[in-house]
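Fold and geometry: a report
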Amino acid sequence: MSINVLPGGLPLLGHAMDLLRRPLSFVEQLRDTGGVVRFNLGPRPSYLISTPDLVKEVLISKSHCFDKGGPLFKQSKPLLGNGLVGCDREQARRSRPLMNPAFHHSRMARYTEVMSQVSREIADGWTDGSTVDFDDQMNIATMDALTRCLFAGVSDTETAAEVRTVMQVIVNGVGRRAFIPISFVHKLPLPPKLREDAAMRKLHTVVDGVIASYRQGGVDHGDLMSMMIMAQDDAGNGMTDTQLHDEVRSIMVAGTETSATMMLWMAYALHQHPDIRARMQEELDLVLAGRRIDYEDIPKLEYTSRVVQEALRRYPVAWLLTRYATVDVEIDGVTIPAGSDVMFSPYAEHMDPRNFDDPFAFDPDRWLPSRARAMHRQAFLPFGAGVRKCVGESFAFTEMMIMVATFFGSWTITPVHEDPEPTASTTYRPRHTHFTLRRR
Ligand code: HEM
């Protein structure tokens, strides 16, 4: 089969400027050009894979021909180490089974308590009529929730707050590396690098202390860290201290800004659809009657969960995912040479009218079982798919339910700018993040 090659592109840069300047329309253009399309990012040939069946080949049936890689992962290695987010297939094969139990649904009830408590504390700090940077608020909320779900056994709040502060520096560092993909810049002893080094040292000291006391105590604190420490593979081996360090950083990087950004999109979606907001608030009033949300409430909030599900479809924050081919591999009759970058875009799939009717509409009822049955499973990819699917999917969904119920159940949250001005770099996010808060 002849290959689809995207025409145009600049000498040396290829289509890199298109991806930088108009990322969303660029991936839609690639998608509409064919199932497998070659384009150039700098001197490197890259491929965008579209259609649910072909994406399924890359992520599931031919996943052994692909691995994580590419510039973002390489730049971030000093910060992420060998944690799951950026590690290769071999490492993931060993560490993923050791990470899964910490995120098992049987642990969620405990995590829910923490998430609910954290959300309530944040909302209690809000003043009626004030305008806030909602992005900051949501980042504090998700960072706090995850820190406290990781280290429930760390009773002093000072240490927990310290972890949150240093993690913010590390998360920002990963983002910065994605924006400036020139490796020597990140090695220069400039203020950001010095801050990162200090943050890494501080985190090491704290996490070392936690590991030592947890290992000695041998108690299950009901948190992520206890499970990560207790997990063993079939041969009875657990994670080394270095691996635990790397996984802590990895889940903090993967599991805070993503969830926080989803809450920003949620605030825009509910503002733009007052009918949906009213129907959701009615359900929340009925089920919760003003009390704090618990784990048992979640299955009762059917409409709210469809709203969350639709937000994940309409606003896939992980909008572009990358792999590289480890061997020559054929997809849709096209041979992709070993070493090529291979990408697929949850955004392009979610916004494809062949996959979802009226894809730009925010329609929670498309998730009613009678309507959802007709959808292709691989067309819905907010958490990826296959062996490297998001390990925190249930954690994230539960957290969104808790935060939506707490924040939007009691407050009307109105954007200062009507137009969010979507942008897409490491994540797909609104440019404008200021909102006015009014108690309902
Ligand atoms: C709404 C929030 C979230 C979204 C949209 C999201 C999305 C994703 C996606 C798309 C992937 C797959 C990336 C790929 O295939 O290249 C992924 C992987 C991952 N996510 Fe999430 N995520 C979210 C929240 C979380 C949370 C809360 C955690 C942990 C507490 C987490 C931890 C991870 C980890 C460790 C991986 C790597 C898994 C592996 O490679 O085996 N994520 N996430």
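Everything quoted here is computed from the prediction, not taken from an experiment. (Residues numbered from 1 in each chain as written. Predicted model: local features only at pLDDT ≥ 70, side-chain atom pairs only at ≥ 80, totals over all residues. Heavy atoms only, no water.)

Digging into the overall build of the chain
Quick note on the threshold: By the criteria applied, helices consist of DSSP H or I runs no shorter than four residues and strands consist of E runs no shorter than two, each listed in order from the N terminus. Residue exposure (1.4 Å probe, protein chains only): buried if accessible area is under 20% of the type maximum, exposed if over 50%, otherwise partly exposed. Whether two residues are in contact is decided by their heavy atoms: any pair within 4.5 Å suffices. Each accessible area value is a Shrake-Rupley result obtained with a 1.4 Å probe; residue values ignore everything except the protein chains displayed when judging cover. The charged-residue count follows a simple rule in which Lys and Arg add positive charge and Asp and Glu add negative charge, with His and chain termini not counted at all. Lys charges are placed at NZ, Arg charges at CZ, Asp charges at CG and Glu charges at CD.
In terms of helices and strands, the chain carries 18 helices and 13 strands. Once the C-alpha set of the chain is aligned to its principal axes, its extents read approximately 60 × 55 × 45 Å. Taking all 440 residues of the chain together, 54% fall into the buried category. Contacts in the chain between residues far apart in sequence, at least 24 positions, make up 74% of those at least 6 positions apart. For the chain, the exposed surface amounts to about 19,400 Å²; the carbon and sulfur share of it is 54%. Within the chain, one finds 49 positive and 54 negative side-chain charges whose respective centroids are separated by 3 Å.

Details of the coordination of the iron atom of the ligand
Worth spelling out the cut-off: For Na, K and Ca the donor cut-off is 3.2 Å; for every other metal, N, O and S atoms count as donors within 2.8 Å. Water does not enter the count, which can leave sites looking incomplete.
For the iron atom of the ligand, the protein supplies a single donor, Cys 390 (SG), at a distance of 2.3 Å. Structurally, Cys 390 is set in the loop between helix H17 (369-372) and helix H18 (393-410).

Concerning the site of the ligand
We count it as follows: Here a residue is near a molecule or strand as soon as one of its heavy atoms is found within 4 Å of it. Whenever a nitrogen or oxygen atom comes within 3.5 Å of another N or O atom, the pair is scored as a polar contact, on the condition that within protein one atom can donate a hydrogen and the other can accept it, and that pairs from neighbouring residues in sequence are kept only if both atoms are in side chains.
If you check the shell around the ligand, you find 26 residues, and the closest are Lys 68, Arg 96, Arg 323, Arg 388 and Cys 390. Residue Lys 68 places a side-chain N or O atom 3.0 Å away from an oxygen atom belonging to the ligand. In this structure, Arg 96 approaches the ligand through a side-chain N or O atom, which is 2.9 Å from an oxygen atom. Counting residues per element, the ones that place at least two in the shell around the ligand are helix H12 (241-254), helix H13 (257-272), strand S6 (321-325) and H18.

Quick look at unusual backbone geometry
Residues apart from glycine generally show negative phi values, whereas peptide bonds are mostly found in trans. For Ala 289, which is not a glycine, the phi torsion comes out positive at approximately 45 degrees. Judged by its relative accessible area of 66%, Ala 289 falls in the exposed class.

Some remarks on the domain arrangement of the chain
Quick reminder of the rule: As annotated, the domain borders come from an automatic or database domain assignment. Note: buried area is the sum, over both parts, of the accessible area (probe 1.4 Å) each one loses when the two are combined. Here, a salt bridge means any Lys or Arg side-chain nitrogen found within 4 Å of an Asp or Glu carboxyl oxygen.
For the chain, the assigned domains read domain 1 (1-80 + 319-381) and domain 2 (93-314 + 387-440). Relative to domain 2, the C-alpha centre of domain 1 lies at a distance of 26 Å. On the side of domain 2, 37 residues touch domain 1, which itself brings 29 residues to the contact. Summing both partners gives a buried area of about 2,800 Å² for domain 1 against domain 2, and 62% of it is carried by carbon and sulfur. In this structure, the connection of domain 1 to domain 2 is made through 3 salt bridges. Here Glu 310 and Arg 366 are joined by a salt bridge, their closest N and O atoms 3.0 Å apart. Across the contact surface, domain 1 and domain 2 share 10 residue pairs in polar contact (both at pLDDT 80 or more).

Some points on the packing of helix H6 (residues 108-124) against helix H7 (residues 134-150)
Think of two packed helices as two axes; the pair is described by the angle between the axes and how far apart they sit. What counts, and what does not: Axis geometry follows a simple rule: fit a line to the C-alpha atoms, using only the stretch in contact for helices, then measure angles between N-to-C directions, giving values from 0 to 180 degrees. Helix crossings fall into two classes, left-handed where the near helix is turned counterclockwise from the far one by less than a right angle and right-handed where it is turned clockwise. Each residue is assigned to one of three groups, with Ala, Val, Leu, Ile, Met, Phe, Trp, Tyr, Cys and Pro labelled nonpolar, Asp, Glu, Lys and Arg labelled charged, and all others, Gly among them, labelled polar.
Between H6 and H7, whose axes approach to 9 Å, the crossing angle comes to 145 degrees. The handedness of the crossing between H6 and H7 is right-handed. Packed against H6, whose contacting residues are Tyr 111, Val 114, Met 115, Gln 117, Val 118, Glu 121 and Ile 122, the element H7 presents Gln 137, Ile 140, Ala 141, Asp 144, Ala 145, Arg 148 and Cys 149 at the interface. Taken together, the residues that form the contact of H6 with H7 break down as 9 nonpolar, 2 polar and 3 charged.

Details of empty space enclosed by the protein
How we decide: For cavity detection a 1 Å grid was placed over the protein atoms alone, and a set of points counts as a cavity when a 1.4 Å probe fits there but cannot get out; an open set counts as a pocket when protein lies on both sides within 12 Å along at least five of seven lines, with lining residues being those that have an atom within 4 Å of a point. Grid points are joined across faces, edges and corners, and a volume is the space filled by probe spheres set on the points.
Scanning the model with the defined rule gives 1 cavity of 30 Å³ or more in all. In this structure, the largest cavity encloses a volume near 100 Å³. Lining the largest cavity we find Val 58, Leu 59, Ser 63, Phe 66, Asp 67, Lys 68, Arg 89, Arg 323, Ala 385, Val 387 and Arg 388. For the lining of the largest cavity, the secondary structure elements donating two or more residues are helix H3 (52-61) and strand S4 (66-67). Grouping the constituent residues of the lining of the largest cavity by class yields 5 nonpolar, 1 polar and 5 charged.

Things to note about the sheet that holds S6
Note the cut-off: Whether two strands pair comes down to DSSP finding at least two bridges between them.
The 6 strands are arranged S1-S2-S3-S9-S6-S4 in an open sheet whose pairing can be described as mixed. One side of each edge strand has no neighbouring strand; the edge strands of this open sheet are strand S1 (4-5) and S4. Sheet topology note: the strand S3 (residues 44-49)/strand S9 (residues 341-344) ladder contains 3 bridges and is parallel. The residue of S9 that forms the bridge with Tyr 47 is Val 342. Sheet strands in contact with helix H2 (residues 23-33) are S1, strand S2 (36-41) and S3, and its direction is about 140 degrees off that of S2.

Here's the deal with the side chain of Ser 345
Within the secondary structure, Ser 345 sits in the loop between S9 and helix H16 (346-350). Of the residues examined, Ser 345 reaches a relative accessible area of 1% and is grouped as buried. Looking at Ser 345, its side chain comes within polar contact range of the main-chain oxygen of Trp 319, at 2.8 Å. Within the structure, Ser 345 has its side chain in polar contact with the backbone nitrogen of Ala 348 (distance 2.9 Å). Apart from residues lying up to four places away in sequence, Ser 345 is in contact with Val 27, Leu 48, Trp 319 and Leu 320.

A look at H7
Counted only if it meets this: Expected span of a helix: the number of residues minus one, times 1.5 Å.
Given a rise of 1.5 Å per residue, 17 residues ought to cover 24 Å, and the 24 Å separating the end C-alpha atoms of H7 matches this to within 8%. Burial analysis of H7 places 14 of its 17 residues in the buried class, which makes it a mostly covered element. Backbone nitrogen of Asp 135 and a side-chain oxygen of the N-cap are separated by 3.0 Å at the start of H7; the cap is Asp 133.

Quick notes on the packing of aromatic side chains
Note the threshold: Only Phe, Tyr and Trp rings are paired, with Trp represented by its six-membered ring, and only when their centres lie within 6.5 Å; those with planes under 30 degrees apart are stacked, over 60 edge-to-face, the remainder tilted.
Counted under the stated rule, the structure contains 17 aromatic pairs. Look at Trp 126 and Trp 411: their rings are 5.4 Å apart centre to centre, the planes differ by 80 degrees, and that puts the pair in the edge-to-face class. With a gap of 285 residues between them, Trp 126 in the loop between H6 and strand S5 (131-133) and Trp 411 in strand S10 (residues 411-415) connect regions that are remote in the sequence. Of the two residues, Trp 126 and Trp 411, neither departs from the other in class, the shared state being buried. Measuring from ring centre to ring centre gives 5.1 Å for Tyr 347 and Tyr 428, while their planes differ by 65 degrees; the resulting arrangement is edge-to-face. Taken together, the positions of Tyr 347 in helix H16 and Tyr 428 in strand S12 (residues 428-430) put the pair 81 residues apart, joining distant regions of the chain.

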